[in-house]
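Observations on the model geometry
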Amino acid sequence: MIPFRFSYHKPSSLSEAFEILSEDGAVPMLGGTDLVVKMRAKRVTPKVVVDLKFIDELHNVSFSEDEGLVIGAAVTMNELIEDFAVVKERFPVFYQAIKKVGAYQTRNRATVAGNIANSSPAADSVPPLLTYNAKVKVVSADGERLVELKDFFTGPGRNVLKPGEIIHSIIVPYESPSIGMYYKISRIKAVDLSTIGVALTIIDPDGKRDIRVALASVAPTPVRAFKAEDYIRDKELSASSVERFAELVQESTSPITDARGSKEYRWEMAKVLPKRILRELGLFEGVA
Amino acid sequence: MREKYVGKPIPRVDAYEKVTGTAVYVTDMFFPRMLYGAVLRSPHPHAKIKKIDVSKAKALEGVAAVVTSKECPYRQGIYLVDRPIFATDRVRYVGEPVAAVAAESMEIAMKALELIEVEYEPLPAVFDPLEAMKGEVLIHPDLASYERLPIYNIEPEKNVFHHHKTRKGDVEKGFKEADYIIEGEYSLPQIYHAPLEPHGAIAFYDFNGNLTVWSSAQSPYTLRNLIAHAFKMSRHKVRVIAPYVGGGFGGKAGINMEGIVIALAMQVPGRHVKLIYSREEDIMATVVRQGMYAKVKAGVKKDGTLVAWEETMVFDGGAYAEYGTNVVRAAGYTTPGPYYVPNIKVDSYGVYTNHLVGGAFRGFGHGELHWAVERHMDKIAKTLGMDPLELRLKNVLRPGHTNAMGQKMHEHTGNVEACLKKAADLIGYGEKPEQPKDRVKRRGRGIAALVKAPAMPTNAASSVVIKFNEDASVTLQVSIQEIGQGFNTAITQMAADALHISPDKIKVVFPIDTDANPYEWQTVASRALWTVGNALYRAAEDALSQIKNIASQVLGVAPYNLEVEDDRVYIKYDPEVYIPLKDIVMGYTYPDGHAIGGPVIGRGSFVPERLTNLDPETGQGNAAAEWTFGAEAAEVEVDMETGEVKILKLVGVFDAGRVVNPMIAAGQIIGGMVQGMGPALFEQITYTDDGKPISISFTDYKIPTIADMPDEMIADFVETPEATSPFGVRGIAEHPMISVPPAIASAIYDAVGVDINDLPVTPEKILKALKEKHS
Ligand SMILES: Cc1cc2nc3c(=O)[nH]c(=O)nc-3n(C[C@H](O)[C@H](O)[C@H](O)COP(=O)(O)OP(=O)(O)OC[C@H]3O[C@@H](n4cnc5c(N)ncnc54)[C@H](O)[C@@H]3O)c2cc1C
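1. A word on unusual backbone geometry
Residue and element names in this part refer to chain B. Residue Pro336 is reached from Thr335 by a cis peptide bond, and omega for that bond is 5 degrees. Between Leu759 and Pro760 the backbone carries a cis peptide bond, its omega angle lying at -10 degrees. Among the structural elements, Pro760 can be located in the loop between helix 17 (740-752) and helix 18 (763-774). One non-glycine residue, Ser526, adopts positive backbone phi at about 55 degrees. With respect to the helices and strands, the residue Ser526 is situated in the loop between strand 24 (512-513) and helix 14 (528-555). Residue Ser526 is classed as buried on the basis of its relative accessible area, which comes to 11%.

2. Focus on the sheet that holds strand 27 (residues 574-580) of chain B
Residues and elements named next belong to chain B. The strand order 25-26-27 describes an open sheet built from three strands, whose pairing is antiparallel. In this open sheet, the two strands that pair with only one neighbour each are strand 25 (562-565) and strand 27. The average undirected angle you get between the axes of adjacent strands in this sheet is 30 degrees. Where strand 25 meets strand 26 (residues 568-571), four bridges bridge the pair, whose relative direction is antiparallel. Along strand 26, the bridge assignment pairs Leu562 with Ile571.

3. A short note on the domain arrangement of chain B
Residues and elements named next belong to chain B. The assigned domain composition of chain B is domain 1 (15-21 + 460-606), domain 2 (31-123 + 199-276) and domain 3 (288-403 + 412-456 + 612-774). Placing a centre on the C-alpha atoms of domain 1 and another on those of domain 3 gives a separation of 39 Å. Across the boundary between the two partners, domain 1 contributes 19 residues, which contact 22 residues of domain 3. With both chains or domains summed, domain 1 and domain 3 bury close to 1,600 Å², and 67% of this area falls on carbon and sulfur atoms. Of all residues in domain 1, Ala525, Ser526 and Trp530 give up the largest surface area on contact with domain 3, accounting jointly for 41% of the area buried on that side.

4. Structural notes on the site of the ligand
Residues and elements named next belong to chain A. Surveying the vicinity of the ligand reveals 30 residues, the closest of which are Pro28, Thr33, Asp34, Thr111 and Asp124. Within the backbone of Gly102, an N or O atom sits 2.8 Å from an oxygen atom of the ligand. In this structure, Asn115 approaches the ligand through a side-chain N or O atom, which is 2.8 Å from an oxygen atom. Summarising the interface, the protein chains cover 88% of the accessible area of the ligand, which totals 980 Å² for the free molecule. Counting only elements with at least two residues in the shell around the ligand, the list comes to strand 2 (26-29), helix 7 (112-118) and strand 10 (166-172). Here the element with the most residues in the shell around the ligand is helix 7; it accounts for four residues. Grouping the amino acids of the shell around the ligand by side-chain chemistry returns 16 nonpolar, nine polar and five charged.

5. Considerations on a nonpolar patch on the surface
Together, Phe6(A), Tyr8(A) and Phe54(A) make up an exposed nonpolar region whose accessible area comes to about 280 Å². Take Tyr8(A): it is sitting in strand 1 (residues 7-9).

6. Describing the sheet that holds strand 16 (residues 291-300) of chain B
Residue and element names in this part refer to chain B. Taken in spatial order, the five strands of this open sheet run 9-18-17-16-10, and their pairing is mixed. The open sheet has two free edges, formed respectively by strand 9 (160-168) and strand 10 (180-188), since each of these has just one partner strand. This sheet shows a mean twist of 5 degrees between the axes of neighbouring strands, independent of strand direction. Each of strand 9, strand 17 (306-318) and strand 18 (343-352) touches helix 9 (residues 324-334); the most contacted strand, strand 9, lies at about 15 degrees to it. Against the sheet, helix 10 (residues 366-384) contacts strand 10, strand 16 and strand 17, and its axis sits at roughly 145 degrees relative to strand 10.

7. Focus on the pattern of salt bridges
Side-chain pairs of opposite charge can arise whenever the charged atoms involved come near each other. According to the stated counting rule, one finds 76 salt bridges over all chains in the structure shown. Across the pair Glu3(B) and Arg658(B) runs a salt bridge whose closest N-O atoms are separated by 2.8 Å. With a gap of 655 residues between them, Glu3(B) in the segment before helix 1 (15-19) and Arg658(B) in the loop between strand 32 (645-655) and helix 15 (662-681) connect regions that are remote in the sequence. With a closest N to O distance of 3.0 Å, Lys421(B) and Glu417(B) form a salt bridge. With Lys421(B) and Glu417(B) both in helix 12 (residues 416-427), this residue pair falls four residues apart, about one helical turn. On the basis of relative accessible area, Lys421(B) is assigned to the partly exposed category, the value being 45%. Residue Glu417(B) is classed as partly exposed on the basis of its relative accessible area of 23%. Within the structure, one salt-bridge network assembled from shared partners comprises Arg276(A), Arg279(A), Glu280(A), Asp438(B), Asp639(B) and Glu641(B).

The rules behind these values
Residues numbered from 1 in each chain as written. Chains lettered and ligands numbered in written order. Predicted model: local features only at pLDDT ≥ 70, side-chain atom pairs only at ≥ 80, totals over all residues. Heavy atoms only, no water. Helix = DSSP H or I, 4+ residues; strand = E, 2+ residues; numbered from the N terminus. Buried < 20%, exposed > 50% of the residue type's maximum accessible area, 1.4 Å probe, protein only. Pairing = 2+ DSSP bridges. Axes fitted to C-alpha atoms, helices over the stretch in contact; angles between N-to-C directions. Domains from an automatic or database assignment. Contact = heavy atoms within 4.5 Å. Buried area = accessible area lost by both parts, 1.4 Å probe. Near = heavy atom within 4 Å. Polar contact = N/O pair within 3.5 Å; in protein donor to acceptor, adjacent residues only side chain to side chain. Areas by Shrake-Rupley, 256 points an atom, 1.4 Å probe, with all protein chains shown as cover. Nonpolar A, V, L, I, M, F, W, Y, C, P; charged D, E, K, R; others polar. Patch = residues over 30% accessible without salt bridge, like charges linked within 9 Å, V, L, I, M, F, W, Y side chains within 5 Å. Salt bridge = Lys/Arg side-chain N within 4 Å of Asp/Glu carboxyl O.

Structure, rendered in structure tokens:
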């Protein structure tokens, strides 16, 4: 049970939502899979909960090669990956990561926007979105702005959203075909947060071959390993180059110890997993 | 026993209720004008309570009662009465109840908790049982004055609530005869039962001083007994009603949180008070499995023959002893498990710490003891260069041997050798598993044996009442709780065979009501089919003899010439001459109207035969009624880069005596093996350095999910009929969980050559060990 009083609203338009959100102690809600858990534990105690699920325009999903994939904030993870084959076909690493969020039941409610807005360092959908250069469309009564996902997070549970602003949609630009893998280590295989999550995406694998890496649960926010990417760009994937690449990925992290794993283990895996993924993708022969 | 229904995979009698969601649990129950309870808990692992002020909470509108140790100054405990219902002068763990509130709504109750002011003075705390044994911090300074059963041996100055000793033969002499002396240390943390349904109870106190408690309880009668004892009431004034239990695993045995809601109800006679624990409270403030540290020294001959076994086990009992007293005892008298060793010295200590309260947990000390014993058997095999299975087969208990408490093994005691061989066969022991192409992943297989007897008082009693109805159908009254194990189905099958009637004609009375159902000690210890089977057999004999006596008068033949079958009583040598059963079971009425006999009610009761307490200095005696042997095997795949372990296959084989329902028994084994996977690989209660529990929700306390299941699980049986049961049965309920961790650890060694001796076997531990091995 939620041990305090709050009012619950389900506006059907954005303007109505902005109005209620301007009330003191108001918070937005989508699937509620983070919010309700936190309310139950009294880690957040909103006075007003504004459920955005009943706003039609937040349910839109569209894709074109020019505009990319646009995901309305209220689209559940299961809707996204089951109803839109384009996700799996064009953004395979994102698809894999979503499949690793919670369990099927969780994904019936959870949204990508909620995963981003919650701004946990462990958010599984974020590392692949970082590798795909995703942007967040933010709206408020005063207008809208586009924020690069890489600039969105400011710390654990913190982000650039100002009071009254909400996520409207996520835009994932389409550059070219991609391959890759999301490797998540967790204590159990479902319904667990990542001890570490590594997204390695190769944009245009048969052409310019741009290797991108981002990680969850190894820093105060999800991080992208730009230095490692710069290093490996245009290089042969040899034992020594991959080793250096993996070291640079590791150096982009600053893990801590928590209930899910130690700092040392995360640090080590931050180097093991990028190599591992390249090997499993068949791009590199070496065995650690 | 003639078998027609025993041995058949009959569907569960509670299946429809459970799958349609109509089965009633305590949380589903509502009463008019019911109040809601909530509990204020200690934030400190060890502190003095200087002051409690409840005045503001009492003044809040909608609050009906506030209770602290002032109103309820009672202690509870099954074997050692050490646990106050509300902390009195001090708190001893984070989560200990300090006060409770009953209010018109949950919301008001929660609000009232915030208004209670408690002043604490933190005391030095101790979390490591080895440290606690030094006695620098005394958690129960008054331990010596607590009421306890005399078979428990306290050492108050060391925080020890029970020290069990086994002294068989002469270990020193054994070590002299040994070619090798092999030592090892093994440990495991506290773990949580994680039943689907958290603890919950409703209490109602009437104006005549009668108390009724609805509780999710494994032991309705023992609960009644412990309530009456704690609250100093006459047994007949206390009534316990126990609807379905959504998983117990030992955590709902005896008395738990009921005292709190009873104390509230006593303040508001005439009103029901309901208290359902949240998941956090269920983890923090009921009981968990004790942690354990063990040190083993074994003497072995060159050929692998065990000649001496010396072991010290130290259990982290947490703040209160609970069933832990008897867990420590059972682990003490069973070590070294299923092996014959002529010279044994075991010291098993239960130690208080400021951790969460340890209690009964499926396996009752045997998961702990077998972790040490089976890991050590692997170490011995490695030292001798012997195959681990061969070492085990060489040393298993066989007919003629004596076990650690000096009991003689017979042909009918059970066959661990057959279990080991069958499990080895089913896992493909001996052949090398096919290795994955990816060279960082290696597969291996491991095997471990086990044994467990019911850990119970020598006089743990059972009874059964069989009531015939007008149409010769039967209602069966027993007080074993259906906690998911399938008891109601299995006992129906056994009653059908004992009474020679169809199982469709039998109903097991449910829920259990201590005002109506006959006495039963508890639903624990894997003993129900064995003990109730005995009582049932007697009750059936009683009922059949009443039927035959009446029929003998009507038909003019001796009772021994009569037979009951389905719906009739007939003359054995002339089966065409019979009386319909329905014409007898309410008494027989002659055509002229006069009647004889009366309603048939069969009565059977049972206490274990010839059990004795153990000698306090040597641990020798006859404390175990029947032993169930088993063997479990695992195949795993270890990722040498990440340390991740995938369990590919699990096998469990148990000497069940007689399998009453193969479908339910297999389910029990598979469930138990899965429950063993968690502690093997990831389950543990974790704490901050200053003793605050971290893993008190499912975010941080992980149990296996469907995604973690092995590709294959096999449940199989050996059937050596149990001579002390008319049905030949013995328990298998707890056993499947016991040796899964050592089997998995053994398979990990087989795969990648590292031994982890401290549970759980996490990826981090494996990687660390791999590094140490390669450096
Ligand atoms: C059992 C379980 C398992 C889980 N497993 C995982 C896992 O494996 N990996 C993982 O990453 N996460 C996991 N989670 C967390 C959670 O499911 C995800 O973070 C999910 O994506 C959150 O989405 P939601 O729609 O439910 O968000 P909500 O809970 O509705 O909202 C999350 C936060 O965002 C705010 N918010 C909501 N909408 C907006 C908006 N439009 N604009 C701005 N702020 C907004 C809310 O106020 C809240 O603070 C799990 C949760 C549960 C309960």
